[in-house]
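Residue-level structure breakdown
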Amino acid sequence: MVVPTHVLSDAPSAPPSDEPSLLPSPMPSDELSLVPSKQPTPSPTPSPTAKPSSKPSVSPSVLPSDEPSVLPSDEPSVLPSDEPSVLPSDEPSVLPSDEPSISAAPSISEVPTSTFWGNPRNSAFSPLSTDDGTDVETITLDDDATAIVDIGFAYNWFGEDLTHLVIQSNGQLFMDTSNDSTFSSVVSIGDYSGSRIAFANTDLNPSPYYVGAGAVKVGRKSGADESFEVSFEDVKWYGSDEVINVQVELFPNGDIIFCYGNGNMAGNDYYGNPLRMAAGVENFDLGKAFPIPDDPFHSDGITTEWPTDSCWKFQMP
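Everything in this summary refers to the structure shown in the same document. (Residues numbered from 1 in each chain as written. Predicted model: local features only at pLDDT ≥ 70, side-chain atom pairs only at ≥ 80, totals over all residues. Heavy atoms only, no water.)

**Things to note about unusual backbone geometry**
For the peptide bond that leads from Asp295 to Pro296, omega is 10°, which places it in the cis range. Along the chain, Pro296 falls in the loop between strand E13 (288–291) and strand E14 (302–303). Even without a glycine there, the phi angle at Asp144 is positive, about 50°. Tracing the chain through its elements places Asp144 in the loop between strand E2 (135–139) and strand E3 (146–157). On the basis of relative accessibility, which here comes to 30%, the residue Asp144 falls in the partly exposed class. Even without being a glycine, Asp234 presents a positive backbone phi close to 55°. Tracing the chain through its elements places Asp234 in strand E9 (residues 227–237). (Helix = DSSP H or I, 4+ residues; strand = E, 2+ residues; numbered from the N terminus. Buried < 20%, exposed > 50% of the residue type's maximum accessible area, 1.4 Å probe, protein only.)

**Here's the deal with the layout of surface pockets**
Considering only enclosed or pocket space, the second largest pocket measures out at about 390 Å³ in volume. Around the second largest pocket, the lining is made up of 19 residues, and of these Ala124, Lys221, Glu229, Gln247 and Glu249 lie nearest the centre. Those elements that place two or more of their residues in the lining of the second largest pocket are E9, strand E10 (243–250) and strand E11 (256–263). Broken down by class, the residue content of the lining of the second largest pocket amounts to six nonpolar, seven polar and six charged. (1 Å grid on protein atoms, 1.4 Å probe; cavity = no way out; pocket = protein on both sides within 12 Å on 5 of 7 lines; lining within 4 Å. Points joined across faces, edges and corners; volume = space filled by probe spheres on them. Nonpolar A, V, L, I, M, F, W, Y, C, P; charged D, E, K, R; others polar.)

Here it is, written out as structure tokens:
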């Protein structure tokens, strides 16, 4: 009887060929030994690690050249490009564009009118007098009349230098010397088609031929207190015995002070309507209107109550 041996010469062993061995080298002999010591151990020779070339090693840095880093030059940074900064050059700043500033406003009149008004110190109505060195001149004005007068200096009217202006008998100053309108109607500040300073726009009668008509005077101061004043003193309403006292003072920088003395608006006008007047500053050419903002004036600059012993200062923008 032939006893089969363990030597297989013609048929390969199943583990070495059909199944890849996990050992680094084949068995040293043709006989399949069951003794593990005959197989070379991994320890004598350093075998390559499981991840030397075919698979990326764990040891390389997170920032290799083959793998894009979060912050390489090839990948845009989060802040510079993917997320625009609040203040980049390509993106307008919040204040300059999204929030318009005061200087970018299309019209000064869009700013609250109270911004340009204040209460002047040490101001009150007082009849013009030469005692303080003021050069006083009486202006003869008939009912519904005008007169061109010399200011005495270059007055800043919204950036334009004026040397002359028009006094109208119905409580107004016209900045255009060609304006000889004598209308007596009360016109709201902002509705007049001309440039004016209305200190008592109403139907007045300062005619010297009218008994007790009062007087219209101008005063010019020089030096550090240089100014130009127009004063209506005890001037009567047309068709009424009620009188008013009011002054308007202009300064070279454009500022204007309105001061009201004694006055009465309890009666009716010539046509039987309640007395009323308008006051404020209006530049028709620029489309600007600045009514006196406080009581007793309404938002359109009209009042039916005389503002006795009150002064306001308009600051030229």
